[in-house]
Amino acid sequence: MSGSEPDAGLRRLRHARERRHIAFVGRTSEISPLIKDIPLFDAKETKALYRAVTGPLRKHWIPRGTTGVTEFYSLGTAAYLDYCCSENPIEDYVKGSPRANKPLKKALGAMYERVRAGIEAEIGEPVTLTDRFALPGFHIFLGQAIYRASGAPVHFDQQYQYLPWGRKLDGVPPISFTMPIVLPKAGGGLDSWNVTPNDVTRMVQLGMEPDLDKVKETKFKSFHPYKLGTLALHSGLLLHRLGRVPKIRDDDERITLQGHGVRINGIWILHW
Ligand SMILES: O=C(O)CCC(=O)C(=O)O
Ligand SMILES: [Fe+2]
């Protein structure tokens, strides 16, 4: 594993329980529980992104659980789907990502540059786009798939730990971001809990709580509403999940740019 080495206790716990999500130790005391909004695209520009994603780029959508009733696609590959969850991670992610990146780069080059520069301005450190793995891409949920997605497990975005970066990661928490280009009529957002992986490890190790779900119930929960064209930036080590909103309609759409960042030698690398 790249990045900070887990201490012996953590390694033992990981081995004993095979619970990868509680195996991380980083400088989690520095994580802000806050989610920062970075407005990047106005209404007209956001609409243009929506048109590009649902128009010329439609043929590149990858079905991720399409039953005809629930529709979930991605535009672009993602480590959590094509690397961590794949039987062929090299084919699907390492080789597949450069292929999947091509149409995105071509159609949305200006968007990527604005996202890169916006994050760089916010965090005050150099930011680049991956030239190796998947570019930030789009989560596409249609109709009742939106409701189902909000029932997905709470998690930390730790998939970066398993990617073959080839270089040692700086020992800082990663970043994650989501920027909606269309949302359900009732809106959309992120559910988060003021919980870090270290909290979970500590409380579970000390026997105070049996598991992640119980730990989260002891902590403050918040819903961060998304705004179209505004990028919501947070540490991926804030416990979170796609936020639930009431009354999803069958004609609702939820399309979001999704990405993560890791820092290597002081430079952030945005990827998915
Ligand atoms: O779509 C969202 O609101 C969050 C998605 C998320 O947590 C992720 O992709 O890791
Ligand atoms: Fe996430």
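Residues numbered from 1 in each chain as written. Chains lettered and ligands numbered in written order. Predicted model: local features only at pLDDT ≥ 70, side-chain atom pairs only at ≥ 80, totals over all residues.

### A closer look at the overall build of the protein chain
Keep this limit in mind: Helix and strand assignments follow DSSP, with helices taken as H or I runs no shorter than four residues and strands as E runs no shorter than two, numbered in order from the N terminus. Residues with at least 20 other C-beta atoms within 10 Å of their own are called buried, those with 12 or fewer are called exposed, and the rest are partly exposed. The C-beta atoms themselves are positioned from the backbone.
When helices and strands are tallied, the protein chain shows seven helices and twelve strands. Burial analysis of the protein chain (272 residues in total) assigns 40% to the buried set.

### Topic: the site of ligand 1
What counts here: For each residue, a C-beta atom is placed from the backbone, and the residue is labelled near a molecule or strand when this atom is within 6 Å of it. Residue polarity follows a fixed list, in which Ala, Val, Leu, Ile, Met, Phe, Trp, Tyr, Cys and Pro are nonpolar, Asp, Glu, Lys and Arg are charged, and the others, Gly among them, are polar.
Around ligand 1, the neighbouring residues are H139, D157, T178, L190, H240, L242, T256 and Q258. Counting only elements with at least two residues in the shell around ligand 1, the list comes to β10 (239-242) and β11 (253-264). For the shell around ligand 1, the class distribution of residues is two nonpolar, five polar and one charged.

### Looking at the sheet that holds strand β7 (residues 189-193)
To be explicit about the condition: In this description, strands pair whenever DSSP reports at least two bridges between them. Helix axes use the C-alpha atoms of the stretch in contact, all axes being lines fitted to C-alpha atoms, and the angles between their N-to-C directions lie in the range 0 to 180 degrees.
In space, the three strands of this open sheet follow the order β8-β7-β10, with antiparallel pairing throughout. Two strands bound the open sheet, and with one partner strand each, they are β8 (221-225) and β10. Averaged over all neighbouring strand pairs, the angle between strand axes comes to 25°, with direction disregarded. With five bridges connecting them, β7 and β8 associate as antiparallel partners. The partner of L190 across the bridge, within β8, is H224.

### Digging into the environment of R148
Within the secondary structure, R148 sits in helix α5 (residues 145-149). A tally of 17 C-beta atoms within 10 Å means that R148 is categorised as partly exposed. Along the sequence, R148 and T70 sit 78 residues apart, while their C-alpha atoms lie 8.0 Å from each other.

### Structural notes on the nonpolar core
Applicable threshold: To define a nonpolar core, we join buried Ala, Val, Leu, Ile, Met, Phe, Trp, Tyr and Cys residues through C-beta atoms within 7 Å and take the resulting set. Think of it this way: build a C-beta for each residue from its backbone, and any pair within 7 Å is a contact.
A79, A134, F177, A232 and L233 are the most contacted members of the largest nonpolar core, which totals 49 residues. Counting residues per element, this core draws most heavily on helix α4 (residues 89-123), which supplies seven residues. With residues up to four places along the chain from it excluded, the contact list for A79 reads C84, Y93, F133, A134, Q159, Y160, L163 and W272. One finds V195, V215, L237 and L238 within the second-largest nonpolar core, a separate group that totals ten residues.

### Re the environment of F177
Along the chain, the position of F177 falls in strand β6 (residues 175-182). The buried category is assigned to F177, around which 24 C-beta atoms lie within 10 Å. Expressed as a C-alpha distance, the spacing of F177 and P136, which sit 41 residues apart in the sequence, is 9.2 Å. What F177 contacts, discounting residues up to four positions off in sequence, is I119, L231, A232, L233 and G259.

### Brief notes about the pairing of strand β12 (residues 267-271)
For a regular strand, the rule is simple: side chains alternate between the two faces of the sheet. With respect to burial, β12 is a largely interior element, four of its five residues being buried. The pairing of strand β4 (residues 127-129) with β12 spans three bridges and is classified as parallel. Note that in β12 the partner of T128 across the bridge is I269. As defined by bridge partners, β11 adjoins β12 across five bridges and the pair is classed as antiparallel. Within β12, the position partnered with H260 by the bridge is H271. In sequence, β11 turns back onto β12 through a hairpin of two residues, with N265 there showing a positive phi of about 50°.

### Side note on the confidence of the model for the protein chain
Basically, it comes down to this: Think of pLDDT as the predictor's per-residue confidence, scored from 0 to 100.
Of all residues in the protein chain, 87% attain a pLDDT of 70 or more, and the chain-wide mean is 86. With pLDDT under 50 throughout, residues 1-32 is counted as low confidence; its partners more than four residues away or in other chains account for 57 contacts.

### Here's the deal with unusual backbone geometry
Residues other than glycine seldom take positive phi values, yet K247 does so here, at roughly 55°. We classify K247 as exposed; it has 9 C-beta atoms within 10 Å. Look at N265: it is not a glycine, yet its phi comes out positive at around 50°. Mapped onto the fold, N265 is located in the loop between β11 and β12.

### Some details on helix α6 (residues 197-205)
Among the residues of α6, P197, D199, V200, T201 and M203 are the ones counted as buried. The first or second residue beyond α6 is G207, which carries a positive phi of 75°.

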